[in-house]
Amino acid sequence: MDYSSYSVKVPGKLMIAGEYAVLEPKQKAVVIAVNRYVTAYIKPHSKNHLSLPQMGLEDITWELTSEGLKFNTEDSRLNFLQNSMAAAIAFLHENSIALRPFHLSIVSELDDSVTGKKYGLGSSAAISTAVISAVLQLHRNGGSSSLEEIFKLSAIAHLKTQGSGSGADIAAAVYGGWLEYSAFSSSWILKSLEDNKKLTEIIKSPWPNLSIRKLTPPSDLCLAVGWTKEAAATAPMIKCIQSFRKNNLNAYEEFLNESSLSVKELIDSFEENNSAKAVNALVRNRKALCNLGAESGADIETEKLKKLSSIADNFGCGKSSGAGGGDCGIAFLKKDTERQELYKEWIKANIIPLDLTVSMKGINVLKINEKNWDILDLSS
């Protein structure tokens, strides 16, 4: 019996360009993994035990019933965890791997340590990815799961919890770095689940429209991130845009076309190592999102995000990141030497610079042999 423990660390994400459009078939986005992490610690235990100290949930137990995985307490914050654990356990069962009791503890760096407010770094996706990776790692006795397996299982768990989403945040958590991303067909996955197809079969199948490709940014492109201190909820924003889409299809298709062109320009700038072109592309993508917000009534670019971007425009360009309505904004700088000056101006406007860089690695697994105190890097 292997009594090793594991820590699994996965990064958060920031959307760079292509928000909202990426929810449509074959639309591209650019997303990055950032150096703030969710870490799952897992070890064999005498009973099934779960600990989430930052949520004040320290003594949670769970069991498998005829109705599925059940916790000994009801808390909506556990929904992502419940579906993630259930997906991993079902996958193990399908592959004839016996389940063993374990203790799982989760620690997150993705929220503000003082206020607990979310930065918008994809915490639910990172938690799903970390949990699924940890459960699979413990039960494969040192053998590793493929990144594609973990991505698809995490996407399924996330989709079952949320009912929608592009999966770009999961891709960042799994693969790391700068990514060009096109979303899978959510309806195809949900239909496969409704038809009671096995997870193994769904994972082995090609997913319609899904595309993930590593990117290398221009060598002199500088990224900065600012936090508005305003938390945003993604689901209501998406609902507002979907309502606009339903009633204003022509205007929405104009947005999709403009988003597509700006994201293509951004990707081209990466391939050409042209930072000036990258700045222009981000300006264009921001304009498309601002027009969408104005026409739909969705507050994509709040006053704080507008201020963040207008300040950044003096040093390069800026825009909101993700669904908008708060959270973070990003900036492309023409010169890294101007970063501190940008930060000073943001602070004057009550915008908090975040010390974020791109995490080039996605899932990072460490094996801890408690007998010999060995730490082995098992990540790919």
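Overview of the structure. Computed from a predicted model, the values in this text were never measured in an experiment.

Structural notes on the overall build of the protein chain
Within the protein chain, the secondary structure is distributed over 11 helices and 14 strands. In terms of overall dimensions, the protein chain is globule-like: its C-alpha atoms have a radius of gyration of 21 Å, near the 21 Å expected for 380 residues. Overall, the protein chain is about 60 × 45 × 40 Å in size when its C-alpha atoms are taken along their principal axes. Counting only residues that meet the buried cut, the protein chain has 53% of its 380 residues in that class. In the structure as shown, the protein chain presents an accessible area of about 17000 Å², 48% of it carried by carbon and sulfur atoms. Distance between charge centres in the protein chain, computed from 42 positive and 43 negative side chains, equals 1 Å.

Remarks on the pairing of strand S11 (residues 328-333)
Here S11 lies mainly inside the structure; six of its six residues are buried. Alternating positions in S11 separate into two faces, Cys328, Ile330 and Phe332 on one and Gly329, Ala331 and Leu333 on the other, with burial throughout. Pairing analysis gives six bridges linking strand S9 (residues 222-227) to S11, with the strands arranged antiparallel. Directly across from Ala224, in S11, lies its bridge partner Ala331. The pairing of strand S10 (residues 316-320) with S11 spans five bridges and is classified as antiparallel. Residue Ser320 lies in a different strand from S11, and its bridge partner there is Gly329.

A closer look at the packing of helix H10 (residues 303-312) against helix H11 (residues 339-348)
Running from amino to carboxyl end, H10 crosses H11 at an angle of 150 degrees, the nearest separation of the two axes being 10 Å. With respect to H11, the element H10 is oriented roughly antiparallel. The way H10 lies across H11 gives a crossing that is right-handed. Residues Leu308, Ile311 and Ala312 of H10 touch H11, and the partners they reach there are Leu342, Glu345 and Trp346. Taken together, the residues of the contact of H10 with H11 sort by class into five nonpolar, no polar and one charged.

Description of the side chain of Ser185
Counting through the fold element by element, Ser185 comes out in the loop between strand S7 (178-182) and helix H5 (186-194). A polar side-chain atom of Ser185 sits 3.1 Å from a polar atom in the side chain of Ser187. With sequence-adjacent residues up to four places away left out, Ser185 is seen in contact with Pro208 and Asn209.

Notes on helix H4 (residues 168-175)
Most of H4 sits inside the fold, with seven of its eight residues counted as buried. Residues Ala168, Asp169, Ile170, Ala171, Ala172, Ala173 and Val174 constitute the buried set of H4. Among the structural elements, strand S1 (5-17), strand S2 (28-44), helix H2 (123-139), helix H3 (147-162), S7 and strand S8 (211-215) are those in contact with the buried residues of H4. Trailing H4 by a residue or two, Gly176 shows a phi angle of about 75 degrees, which is positive.

Examining unusual backbone geometry
Unusually for a residue other than glycine, Tyr20 sits at a positive phi of about 65 degrees. Relative to the helices and strands, Tyr20 resides in the loop between S1 and S2.

Observations concerning the pairing of strand S6 (residues 102-108)
Counting buried positions along S6 yields six of seven residues, so the element is predominantly enclosed. Where S2 lies against S6, seven bridges are found, and the strand directions are antiparallel. By the bridge assignment, Lys43 is partnered in S6 with His103. In terms of strand pairing, strand S3 (residues 49-52) meets S6 through three bridges, oriented parallel. The residue bridging Leu50 from the neighbouring strand is Leu104, located in S6.

Rules and cut-offs
- Residues numbered from 1 in each chain as written.
- Predicted model: local features only at pLDDT ≥ 70, side-chain atom pairs only at ≥ 80, totals over all residues.
- Heavy atoms only, no water.
- Helix = DSSP H or I, 4+ residues; strand = E, 2+ residues; numbered from the N terminus.
- Rg over C-alpha atoms; globule rule 2.2 N^0.38 Å.
- Buried < 20%, exposed > 50% of the residue type's maximum accessible area, 1.4 Å probe, protein only.
- Areas by Shrake-Rupley, 256 points an atom, 1.4 Å probe, with all protein chains shown as cover.
- Lys, Arg positive; Asp, Glu negative; His and termini not counted.
- Charge placed at Lys NZ, Arg CZ, Asp CG, Glu CD.
- Pairing = 2+ DSSP bridges.
- Axes fitted to C-alpha atoms, helices over the stretch in contact; angles between N-to-C directions.
- Parallel < 35°, antiparallel > 145°, perpendicular 65-115°, else oblique.
- Left-handed = near helix turned anticlockwise from the far one by under 90°.
- Contact = heavy atoms within 4.5 Å.
- Nonpolar A, V, L, I, M, F, W, Y, C, P; charged D, E, K, R; others polar.
- Polar contact = N/O pair within 3.5 Å; in protein donor to acceptor, adjacent residues only side chain to side chain.

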